[in-house]
Amino acid sequence: MDLVQMQKSLQDYTKSLFLEGILDSQFLQLQQLQDESNPDFVSQVVTLFFQDSDRILNDLSLSLDQQVVDFKKVDPHVHQLKGSSSSIGAQRVKNACVVFRSFCEQQNVEACHRCLQQVKQEYYLVKNRLETLFKLEQQIVASGGMIPPVELGF
């Protein structure tokens, strides 16, 4: 695949992430903070999000598997995940966390377990898709090209 085709593929792939609701405009704002002085800014921020989210999801699993669930411990984890997913534009993760928090407030253990599975599913989806996005960007840069600006136009 030549450079122009790779750039077109990247643009199409990025657009699909927005059309599918996986990302929202916050991701675009994050990209605007990246410049020549910090070319890996977005991938660094997203990598920190992945590390933090993996820890939070593990903590949530442990908390919900207790004999007696302490919702005062569960809710702050969900709130933190909602905030960090929102800050990188992971829209579907954020939305799943909103539902999760409502079941925490109701102290509904069964519904919280279902929500945790939904949050994990959305998280692994965005993680996989963003890793693919970063690989496409790396291939373009390795080929001597520039990352084209995101043009959503829908």
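As the structure is a computational prediction, the values presented were derived from the model and not from experiment.

**Here we look at the nonpolar core**
Here is step 1 of the chain: Phe27, Val46, Val74, Phe100 and Leu130 are the most contacted members of the largest nonpolar core, which totals 41 residues.
Here is step 2 of the chain: Element by element, the count of residues in this core is highest for helix α6 (residues 109-142), at 11 residues.
Here is step 3 of the chain: With near-sequence residues (within four places) excluded, Phe100 lies in contact with Leu60, Leu64, Val74, Val78, Cys112, Cys115, Leu116 and Val119.

**Details of the layout of surface pockets**
Here is step 1 of the chain: Approximately 770 Å³ is the volume attributed to the largest pocket.
Here is step 2 of the chain: If you go around the largest pocket, you meet 25 residues; those closest to its centre are Gln34, Pro39, Glu137, Val141 and Ile147.
Here is step 3 of the chain: Every element with two or more residues in the lining of the largest pocket is listed here: α1 (3-19), α2 (25-32), α3 (41-64) and α6.
Here is step 4 of the chain: Per element, the largest residue contribution to the lining of the largest pocket is five residues, and it comes from α6.
Here is step 5 of the chain: Across the lining of the largest pocket, the residue classes tally to 12 nonpolar, eight polar and five charged.

**Focus on the side chain of Thr14**
Here is step 1 of the chain: In this fold, Thr14 is placed in helix α1.
Here is step 2 of the chain: Judged by relative accessible area, Thr14 falls into the buried class, the value being 3%.
Here is step 3 of the chain: Only 2.8 Å separates the side chain of Thr14 from the backbone oxygen of Leu10, close enough to count as a polar contact.
Here is step 4 of the chain: Not counting residues up to four positions away in its chain, the partners in contact with Thr14 are Leu133 and Val150.

**A look at the packing of α2 against helix α4 (residues 71-88)**
How two helices pack is summed up by the angle between their axes together with the distance between the axes.
Here is step 1 of the chain: At a minimum axis separation of 6 Å, α2 and α4 run at an interaxial angle of 65°. Residue-level contacts link Gln26, Phe27 and Leu30 of α2 to Ser86, Ser87 and Ile88 of α4.
Here is step 2 of the chain: Residues belonging to the contact of α2 with α4 are distributed by class as follows: three nonpolar, three polar and no charged.

**Brief notes about the UniProt feature "modified residue: Phosphohistidine" (unreviewed entry) in the protein**
Here is step 1 of the chain: The UniProt entry lists His79 under the feature "modified residue: Phosphohistidine" (unreviewed entry), expressed in the numbering used here.
Here is step 2 of the chain: Structurally, the position occupied by His79 is in helix α4.
Here is step 3 of the chain: Owing to a relative accessible area of 42%, His79 belongs among the partly exposed residues under this scheme.

About the thresholds
Residues numbered from 1 in each chain as written. Predicted model: local features only at pLDDT ≥ 70, side-chain atom pairs only at ≥ 80, totals over all residues. Heavy atoms only, no water. Core = buried A, V, L, I, M, F, W, Y, C linked by side-chain atoms within 4.5 Å. Buried < 20%, exposed > 50% of the residue type's maximum accessible area, 1.4 Å probe, protein only. Helix = DSSP H or I, 4+ residues; strand = E, 2+ residues; numbered from the N terminus. Contact = heavy atoms within 4.5 Å. 1 Å grid on protein atoms, 1.4 Å probe; cavity = no way out; pocket = protein on both sides within 12 Å on 5 of 7 lines; lining within 4 Å. Points joined across faces, edges and corners; volume = space filled by probe spheres on them. Nonpolar A, V, L, I, M, F, W, Y, C, P; charged D, E, K, R; others polar. Polar contact = N/O pair within 3.5 Å; in protein donor to acceptor, adjacent residues only side chain to side chain. Axes fitted to C-alpha atoms, helices over the stretch in contact; angles between N-to-C directions. UniProt positions renumbered as here; feature names shortened; annotations may be inferred.

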